[in-house]
Amino acid sequence: MTIIQLLEKSVSTYLSPLLKKMHSEDVGSYEGLNSIEWLEVDVQETENELSKALILRLGISQSEKQLYLSNIFIPHIERNKGYGFGLINEIRNVAHVNGYELFIVDMVPSFYRRMISKGAIPVKEADDAVLVDEDTQLLSHRS
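It should be emphasised that the depicted structure is a prediction, and the values quoted were computed from it without experimental measurement.

## Let's talk about the pattern of salt bridges
Inspection of every chain in the model, using the stated rule, returns four salt bridges. Residue arginine 57 pairs with glutamate 40 through a salt bridge whose shortest N-O separation is 2.8 Å. With arginine 57 in strand 3 (residues 52-61) and glutamate 40 in strand 2 (residues 36-44), the pair connects residues that are 17 residues apart, well separated along the chain. Residue class for glutamate 40 comes out buried when judged on its relative accessible area of 16%. Lysine 81 is the salt-bridge partner of glutamate 78, the closest N and O atoms lying 3.3 Å from each other. A relative accessible area of 49% places lysine 81 in the partly exposed class. Sharing partners across several salt bridges, the network here consists of Lys21, Glu78 and Lys81.

Set out below in C-alpha cells:
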C-alpha cells in the first residue's frame, strides 16, 4: 500500500464511529501542486447543505517524506470525546512507521500554544507550525 492508502484506511477506520453519525461523508485524495497529494474528509451532519464541513485536510509530500496537517475540525456534537487528538495520534503512528514527519501547519495561536504544551516542537521558519514527534503527548490530559 502507498502512504496515501495507508493514511486513508487509518483515518477512515479511526473516524468510523463519528462518520456513521453523519448524514453523508466523503474520504478522498487528490494530487495538488508541487507533487503534494491531499487527503480530505468532508462530512454533512444533516440534510441541510449548511451543515457541510471539512474535518481533515492532510498534505503528503512523498519526496520530502513529510505530512502537513492543515485542517482538523470535529463537529460540535462530537467534541470533547478525544477524536481530534486521537486522530492526530493515528496519523502520527502511520507517519512514524513509514519514516515520515508530521507537521501541523497554519495553526491558530491557541491551538499552537496547546500543541507546544503537549511537547510538539516549534518550526523555526514559521510561527504557526509544529513538528509532532513520538514524544508529543497527544493522548495525555495535559492541555
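## Focus: the sheet that holds strand 6 (residues 121-122)
Reading across the sheet, the seven strands line up as 1-2-3-4-5-7-6 and stay open at both edges, with mixed pairing between neighbours. Each having just a single partner strand, strand 1 (24-31) and strand 6 make up the two edges of the open sheet. With four bridges joining them, strand 4 (residues 66-72) and strand 5 (residues 101-104) adopt parallel strand pairing. Among the inter-strand pairings, glutamine 66 is bridged to a residue of strand 5, identified as glutamate 101. Packed onto the sheet, helix 1 (residues 3-19) meets strand 1, strand 2, strand 3 and strand 4 and runs at close to 15° relative to strand 2. The sheet strands contacting helix 3 (residues 109-117) are strand 5, strand 6 and strand 7 (130-132), and the helix crosses strand 7 at an angle near 45°.

## What to know about the pairing of strand 4
Looking at chain direction, strand 3 and strand 4 are connected through six bridges and run antiparallel. Of the residues in strand 4, the one forming a bridge with leucine 58 is leucine 69. Two successive antiparallel strands, strand 3 and strand 4, enclose a turn made up of four residues, where lysine 65 displays a positive phi of approximately 55°. With helix 2 (residues 83-97) bridging strand 4 and the parallel strand 5, this β-α-β connection has right-handed handedness.

Here is what the cut-offs are and how they apply
Residues numbered from 1 in each chain as written. Predicted model: local features only at pLDDT ≥ 70, side-chain atom pairs only at ≥ 80, totals over all residues. Heavy atoms only, no water. Salt bridge = Lys/Arg side-chain N within 4 Å of Asp/Glu carboxyl O. Helix = DSSP H or I, 4+ residues; strand = E, 2+ residues; numbered from the N terminus. Buried < 20%, exposed > 50% of the residue type's maximum accessible area, 1.4 Å probe, protein only. Pairing = 2+ DSSP bridges. Contact = heavy atoms within 4.5 Å. Axes fitted to C-alpha atoms, helices over the stretch in contact; angles between N-to-C directions. Right-handed = clockwise from strand over helix to strand, strands pointing away.

Just distances and angles here, no functional claims.
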